[in-house]
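Now for the letters of each chain:
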Amino acid sequence: PPQKIVPMKSFTSKDVSFLQKGSKNLAEVRGMMNVISKEAASKGFEIKEVMTTTEALNAFSAGVGALNIPLLTPQGKSRDIARTKWSSASRFKNLPSETEKAAETAC
């Protein structure tokens, strides 16, 4: 049977207590997961309390674009967003998207 995955947005501080700064970063992780979930839902994906690996990956792929993480590294290499650390994703989400940069340049 497929393994069921509980969404990270449902984690409690107890779930991340073994991590250094786990509780401190929990709110940030929840926030990013909510952004991803909302975007995936807007594209027709059903976000459930417990999902299979395939369902979770499909929803993530559909929603991760809402975080505006650059697809290229500063060195010009392709970035695998699914392997990006949370700290990096958090830092990137505050940057303007490529569309916003283009709009600023056009002005």
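What you see is a predicted model, and the numbers here were worked out from it, not measured in a lab.

> Quick question: what am I supposed to make of unusual backbone geometry here?
Residues apart from glycine generally show negative phi values, whereas peptide bonds are mostly found in trans. A positive phi angle is found at Asn-68, which is not glycine, with a value near 60°. Along the chain, Asn-68 turns up in the loop between helix H2 (53–63) and helix H3 (86–92).

> Any chance you could explain the confidence of the model for the chain here in plain terms?
Keep in mind that low pLDDT regions are not for reading the predicted coordinates in detail. Per-chain confidence: the chain averages 78 in pLDDT, with 76% of residues scoring 70 or above. Ranking the elements of the chain by mean pLDDT puts helix H4 (residues 98–106) last, at 48, and H2 first, at 90. In the model, residues 97–105 has pLDDT below 50 throughout and makes three contacts with residues more than four positions away in sequence or in other chains.

> What is the right way to look at the pattern of salt bridges in this model?
Pairs can form between side chains of opposite charge whenever their charged atoms are close. Scanning the model with the defined rule gives two salt bridges in all. A salt bridge links Glu-39 to Lys-43; its shortest N-O distance comes to 3.6 Å. In this structure, Glu-55 engages Lys-48 in a salt bridge whose closest nitrogen and oxygen atoms are separated by 2.7 Å. On the basis of relative accessibility, which here comes to 27%, the residue Lys-48 falls in the partly exposed class.

Conventions and cut-offs
Residues numbered from 1 in each chain as written. Predicted model: local features only at pLDDT ≥ 70, side-chain atom pairs only at ≥ 80, totals over all residues. Heavy atoms only, no water. Helix = DSSP H or I, 4+ residues; strand = E, 2+ residues; numbered from the N terminus. pLDDT = per-residue confidence, 0-100. Contact = heavy atoms within 4.5 Å. Salt bridge = Lys/Arg side-chain N within 4 Å of Asp/Glu carboxyl O. Buried < 20%, exposed > 50% of the residue type's maximum accessible area, 1.4 Å probe, protein only.

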